[in-house]
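Residue strings, one per chain:
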Amino acid sequence: YAAKQRTEGPVVYDPAMDKSSAKSLSLLTELRNAAEGNQFRLHVQPKISLASGQVVGMEALVRWVHPERGNVFPDEFIPFAEQTGFIRILTRWVMERSAELCRELAGRGHHLKVSVNLSTRDLLDQDLPAKFADLLSRHKLGPGSFCLEITESAIMDDPVRAQQTLERLSAMGLDLSIDDFGTGYSSLAYLKRLPVNELKIDKSFVLNMEHDEGDTKIVRSTIDLGHNMGLRVVAEGIESEAVWRLLADLGCDQGQGYFMSRPIPADQLVPWLEKWQAPLAAAAVEGAVSY
Ligand code: C2E
Ligand code: MG
Ligand code: MG
Ligand code: MG
């Protein structure tokens, strides 16, 4: 695993770090303090229907506001949180905050599905379905309010147990999505075997697709593959209107990206939704229905 370098903040997670090292112990302490000291923030990124421009959902993305280091991005601490098991605490926090947000939005007439990212450790937690059942009943939400994003590598860790957990979650009515599709250990066999509803094309194929024929071919084939398997196909990393149009022309169902919105603090979503009206969306759609 290579921790991505970012200009916005220092890299906290060093793959060379030994589990028992003093540095990693102090990071674990810091994560625990962060949970107690309310240093985690829920950001959300809108998920949009590419044909209509309508907002259909949002992805929950966690942020850590460190008192000294400032914003620490998930790529810098999620791998470590997974390694140490802290991720389960974090996932529960994200689930709780996402449910609260969903309920609040529903009260304002916005019925949006929230996508939550799960990691390997979450999938190995036999109590996860019960935790979701409890969450849904406490917040008076239907199972259709949640989509769970999983990566292929998370499934690979312990495929049998992961599949059992996923089947129970799916039977409860929660949506399942394969995140970052096309990267890592892609195994088409999992697509066949797992009860997934959605396939999310990794942003590395989307970011420059209007200038890269190879990317376009991969994206087109992935959309066709997903549709042939009866899945909803979502593209992440849409940074321009040109890419939106291209994806809409290729029949991609939904998308996320900086062109529509960066991930924003959860409490800014309602104002964003009120501003996100047809003009931009309608213009983009007009262009998209050129086929
Ligand atoms: P992901 O689930 O694949 O999320 C998509 C990432 O792409 C997010 O990065 C998002 O900010 C970024 N992104 C969205 N649109 C664009 C775009 O147009 N251009 C570019 N360049 N990037 C875009 P973020 O928020 O830094 O999260 C990184 C990864 O950390 C996520 O990838 C996910 O795997 C993990 N993560 C984030 N929050 C959570 C969480 O609550 N739990 C778990 N287990 N993992 C999380
Ligand atoms: Mg995701
Ligand atoms: Mg992704
Ligand atoms: Mg990703």
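Residues numbered from 1 in each chain as written. Chains lettered and ligands numbered in written order. Predicted model: local features only at pLDDT ≥ 70, side-chain atom pairs only at ≥ 80, totals over all residues. Heavy atoms only, no water.

A few words on the overall build of the chain. Summing up its helical and strand segments, the chain has 13 helices and 10 strands in all. Counting over 291 residues, the chain shows a buried share of 49%. For the chain, contacts bridging at least 24 residues in sequence account for 69% of all contacts bridging at least 6. As displayed, the chain offers around 13,500 Å² of accessible surface, 50% of which is attributable to carbon and sulfur atoms. (Helix = DSSP H or I, 4+ residues; strand = E, 2+ residues; numbered from the N terminus. Buried < 20%, exposed > 50% of the residue type's maximum accessible area, 1.4 Å probe, protein only. Contact = heavy atoms within 4.5 Å. Areas by Shrake-Rupley, 256 points an atom, 1.4 Å probe, with all protein chains shown as cover.)

We now examine the packing of aromatic side chains. Applying the stated rule across the entire model yields 9 aromatic pairs. When the ring of Trp244 is compared with that of Phe259, the centres are 6.0 Å apart and the planes differ by 80°; the resulting orientation is edge-to-face. Residue Trp244 is found in helix H11 (residues 241–249), and its partner Phe259 is found in the loop between strand S9 (254–255) and strand S10 (264–265); the two are separated by 15 residues along the sequence. Trp244 gets classed as buried once you look at its relative accessible area, which sits at 0%. (Phe/Tyr/Trp six-rings, centres within 6.5 Å; stacked < 30°, edge-to-face > 60°.)

Our next topic: the packing of helix H3 (residues 87–107) against helix H5 (residues 128–138). Two elements in contact, H3 and H5, have axes separated by 10 Å at closest approach and are oriented at 25°. Comparing their axes, H5 and H3 come out roughly parallel. In this structure, the crossing between H3 and H5 has a hand that is right-handed. Contact residues: Arg92, Met95, Glu96 and Ala99 in H3; Leu128, Lys131, Phe132, Leu135 and Arg138 in H5. Residue composition of the contact of H3 with H5, grouped by class: 5 nonpolar, no polar and 4 charged. (Axes fitted to C-alpha atoms, helices over the stretch in contact; angles between N-to-C directions. Parallel < 35°, antiparallel > 145°, perpendicular 65-115°, else oblique. Left-handed = near helix turned anticlockwise from the far one by under 90°. Nonpolar A, V, L, I, M, F, W, Y, C, P; charged D, E, K, R; others polar.)

Time to look at the coordination of the magnesium ion (ligand 2). Taken together, Glu59 (OE), Asn117 (OD1), Glu149 (OE) and Asp179 (OD) make up the protein donors of the magnesium ion (ligand 2), found 2.0 to 2.3 Å from the metal. Positions of the donor residues of the magnesium ion (ligand 2) along the chain correspond to the pattern E-x57-N-x31-E-x29-D. The metal-metal distance between the magnesium ion (ligand 2) and the magnesium ion (ligand 3) is 4.0 Å, with Asp179 serving as a donor to both. Of this pair, Glu149 sits in strand S5 (residues 146–151) while Asp179 sits in strand S6 (residues 175–181), placing them 30 residues apart in sequence. Assessed through its relative accessible area of 1%, Glu149 is described here as buried. Among the residues examined, Asp179 registers a relative accessible area of 7% and is labelled buried. (Donors = N, O, S within 2.8 Å, 3.2 Å for Na, K, Ca; no water.)

Chain-level statistics for the chain give a pLDDT mean of 88 and a share of 87% at 70 or above. As a predicted assembly, this complex carries a pTM of 0.90 together with an ipTM value of 0.98. (pLDDT = per-residue confidence, 0-100.)

Below, the discussion takes up the pattern of salt bridges. Where charged atoms from two side chains of opposite charge approach closely, those side chains can pair. Inspection of the entire model under this criterion finds 14 salt bridges. In this structure, the salt-bridge partner of Glu30 is Arg69, at a minimum N-O distance of 3.1 Å. With Glu30 in helix H1 (residues 22–36) and Arg69 in the loop between strand S2 (55–66) and strand S3 (70–72), this residue pair connects regions lying 39 residues apart in the sequence. Arg245 is the partner of Glu241 in a salt bridge, and the nearest nitrogen-oxygen pair spans 2.7 Å. Taken as a pair, Glu241 and Arg245 lie in helix H11 at a separation of 4 residues, close to a single helical turn. Residue class for Arg245 comes out partly exposed when judged on its relative accessible area of 30%. (Salt bridge = Lys/Arg side-chain N within 4 Å of Asp/Glu carboxyl O.)

With that settled, the discussion passes to the environment of His66. Relative to the elements of secondary structure, His66 occurs in strand S2. Residue class for His66 comes out buried when judged on its relative accessible area of 5%. In the structure, His66 is positioned 27 residues away from Gln39 in sequence and 6.4 Å away in space, judged by C-alpha atoms. Non-local contacts of His66, meaning those with residues more than four positions away in its chain, are made with Glu30, Gln39 and Val72. A distance of 3.0 Å separates a polar atom in the side chain of His66 from the backbone nitrogen of Glu68. (Polar contact = N/O pair within 3.5 Å; in protein donor to acceptor, adjacent residues only side chain to side chain.)

One non-glycine residue with positive phi stands out, namely Lys140, at about 50°. Mapping Lys140 onto the fold places it in the loop between H5 and S5.

The subject of this paragraph is the side chain of Lys200. By the element assignment, Lys200 lies in strand S7 (residues 198–201). At 2.6 Å, the side chain of Lys200 forms a polar contact with the side chain of Glu149.

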